[in-house]
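As a plain string of letters, each chain reads:
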Amino acid sequence: MGVSIVRYQQGTHIHWGVLQGQDILPLSVRYTHLSDLLAGGMEEIRSVQDRGAERIKLRDVTLLSPVTKPARIICQGVNYSSHREESGMAAQRPPFNLIFSKADSALTGPYSDIICPSHVKLLDYEIELGLVIGKEITGKIEVNEENISEYVAGLVIANDISARDIQLPQGQWLKGKSYRTFCPTGPYLYLWDKEEAPVIHQLDLKLWVNDELRQSANTSQLLYKPAETLTELSGIMDLSAGDLLLTGTPGGVAQKLTPEVSEQMMNPFLDGRKKMEIFIESQLGNDRFLKHHDVVRCEIKSADGKIDLGVQINKVLFESQNA
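Given the structure is predicted, the values throughout are model-derived calculations rather than measurements.

Procedures and definitions
- Residues numbered from 1 in each chain as written.
- Predicted model: local features only at pLDDT ≥ 70, side-chain atom pairs only at ≥ 80, totals over all residues.
- Heavy atoms only, no water.
- Buried < 20%, exposed > 50% of the residue type's maximum accessible area, 1.4 Å probe, protein only.
- Helix = DSSP H or I, 4+ residues; strand = E, 2+ residues; numbered from the N terminus.
- Pairing = 2+ DSSP bridges.
- Salt bridge = Lys/Arg side-chain N within 4 Å of Asp/Glu carboxyl O.
- Phe/Tyr/Trp six-rings, centres within 6.5 Å; stacked < 30°, edge-to-face > 60°.
- Lys NZ or Arg CZ within 6 Å of the ring centre and 35° of its normal.
- Axes fitted to C-alpha atoms, helices over the stretch in contact; angles between N-to-C directions.
- Lys, Arg positive; Asp, Glu negative; His and termini not counted.
- Contact = heavy atoms within 4.5 Å.
- Arc of directions from axis to C-beta.
- Polar contact = N/O pair within 3.5 Å; in protein donor to acceptor, adjacent residues only side chain to side chain.

I'm lost on the pairing of strand β11 (residues 127-133) in this one. Help?
Put simply, side chains in a regular strand alternate between the two faces of the sheet. Burial of β11 is extensive: seven of the seven residues sit out of reach of the surface. Going residue by residue along β11, you find I127, L129, L131 and I133 tucked away on one face and E128, G130 and V132 tucked away on the opposite face as well. In this sheet, strand β12 (residues 152-159) lies alongside β11 in antiparallel orientation, the contact comprising seven bridges. What sits directly across from L129, in β12, is I157.

In this structure, what is going on with the pattern of salt bridges? I would like to understand it.
Any two side chains of opposite charge can pair if their charged atoms end up close together. Evaluated as defined, the whole model comprises 16 salt bridges. One salt bridge in this structure joins D23 and K57, with 3.0 Å as the shortest N-O distance. Remark: K57 occurs in strand β4 (residues 56-57) and D23 occurs in strand β3 (residues 23-26); sequence separation between them is 34 residues. Sharing partners across several salt bridges, the network here consists of K102, D124, E126, D160, R164 and K177.

Hey, could you run me through the packing of aromatic side chains in this one?
How two aromatic rings sit relative to each other is set out by the distance from centre to centre and by the angle between their planes. Throughout the structure, instances matching the rule amount to two aromatic pairs. Look at F100 and W173: their rings are 5.0 Å apart centre to centre, the planes differ by 70°, and that puts the pair in the edge-to-face class. Here F100 is found in strand β7 (residues 99-102), whereas its partner W173 is found in helix α6 (residues 173-176), with 73 residues between them in sequence. Given a relative accessible area of 10%, F100 falls into the buried group. Since its relative accessible area comes to 25%, W173 is described here as partly exposed. Geometry around Y224 places R93 over its ring, the cationic atom sitting 3.7 Å from the centre. A cation over an aromatic ring shows up here: R297 above the ring of W208, its NZ or CZ 4.1 Å from the ring centre.

Hey, could you run me through the sheet that holds strand β20 (residues 308-318) in this one?
Sheets are built from strands paired through backbone hydrogen bonds, the pairs being either parallel or antiparallel. Strand order in the open sheet formed by five strands is β9-β20-β19-β16-β17, with mixed pairing between adjacent strands. Because the sheet does not close on itself, it has two edges, and the strands there are β9 (114-116) and β17 (212-218). Strand after strand, the sheet turns through a mean of 20° between neighbouring axes, direction not considered. Here six bridges tie strand β16 (residues 203-209) to β17, and the two strands are oriented antiparallel to one another. By the bridge assignment for β17, K206 is matched with S216.

Just to check I follow, could you spell out the side chain of R84 for this structure?
Within the element layout of this structure, R84 appears in helix α3 (residues 81-86). Buried charge R84 goes without a salt bridge, the closest partner of opposite sign being E85 at 9.0 Å. Filtering out sequence-adjacent residues up to four positions away, R84 remains in contact with V78, M89, A90, A91, Q92, P94 and L223.

Please explain the pairing of strand β19 (residues 295-302) as it appears in this structure.
With seven bridges joining them, β16 and β19 adopt antiparallel strand pairing. Counted as the bridge partner of V209 is V296 from β19. Pairing analysis gives six bridges linking β19 to β20, with the strands arranged antiparallel. Looking at β20, one finds that R297 is bridged to I313. Here β19 folds back onto β20, and the loop between the two strands holds five residues, one of which, G305, carries a positive phi near 80°.

Where do I start with the environment of T32 in this structure?
Mapped onto the elements of the fold, T32 is located in the loop between β3 and α1 (34-40). It is 9.6 Å that separates the C-alpha atoms of T32 and K69, two residues lying 37 residues apart in sequence.

Please clarify how helix α7 (residues 226-234) should be interpreted in this entry.
One full turn of an α-helix is made of 3.6 residues, so residues set three or four places apart face in the same direction. With respect to burial, α7 is a largely interior element, seven of its nine residues being buried. Residues of α7 that are buried: P226, A227, T229, L230, T231, L233 and S234. Where the residues of α7 are buried, they touch β6 (73-76), β7, β11, α4 (148-151), β12 and β18 (244-246).

Teacher, can you tell me more about helix α9 (residues 272-282) here?
Here α9 has its buried residues at K275, I278 and F279. The buried residues of α9 occupy an angular sector of 95° when the element is viewed end-on, so they sit on one face. For α9, the exposed residues lying more than 90 degrees away from the buried face are R273, E277 and E281. On its buried face, α9 is in contact with α5 (164-167) and α8 (259-265). The backbone nitrogen of R273 lies 3.0 Å from a side-chain oxygen of the residue at the head of α9, namely D271.

Below is the structure:
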């Protein structure tokens, strides 16, 4: 079996540790970045349970994002049929893998507040399985089910928070998804064993808003699978240990588009102001977008519970409500 690790703050210091029940077994070295931990800490991670390390209670620390800056955050878009349908697109797998990025300054902790800028009106949630890259990729490789664990160190929960009124009418996916705090990550990073690679297609994702279940899916429903996506990305760009690949969100997000509106949003010749009018009108009466003081809860785990990435809980705060 693999092992779950956490990054946490105790007092003024930031540490890494191995999760054991409700306890943390601290690592002896204070690694600054996740890439440093993956390069130099794996032996201690595997042995810390055998050396009688001190124990710290989870409740006595503040858990932080296990993905650290600097990191590339590469994202797959509309990668579940259910999300494609609610976005006004054909449900079947498209002829291309939609790839975009998210700024690493959006990273925030698993229990930190999501801060919505005052000019954003349509704030949305997107639970996603995150894959943490485990080694440098600097050229074209062929990733498959047998060797994926060589390139993916582990699994983590991420929430791709999105300002829809920026992302779609403006065509600004990077900007609409990159505001600070727009990528809660964690609480746990599950470092898997090679034999566990098939579980990547067997994980249940669930997201609640104020205890109402909004998203529920299984990673078996991914249209473009992790191995083929990593193969494609390796032919385009370099990836480094500690980078994060977000594999897409299932149906159940707040935004709902008809095919007609979706087509208008993708029309490069339509005036931007007109796009905004059409988009805002299409969402009138939709009360599912996030509001001030909403609480978003996410979890990802295998059906048998052997792999559990923890529970992520974030409160939403609108700057305009706090002025």
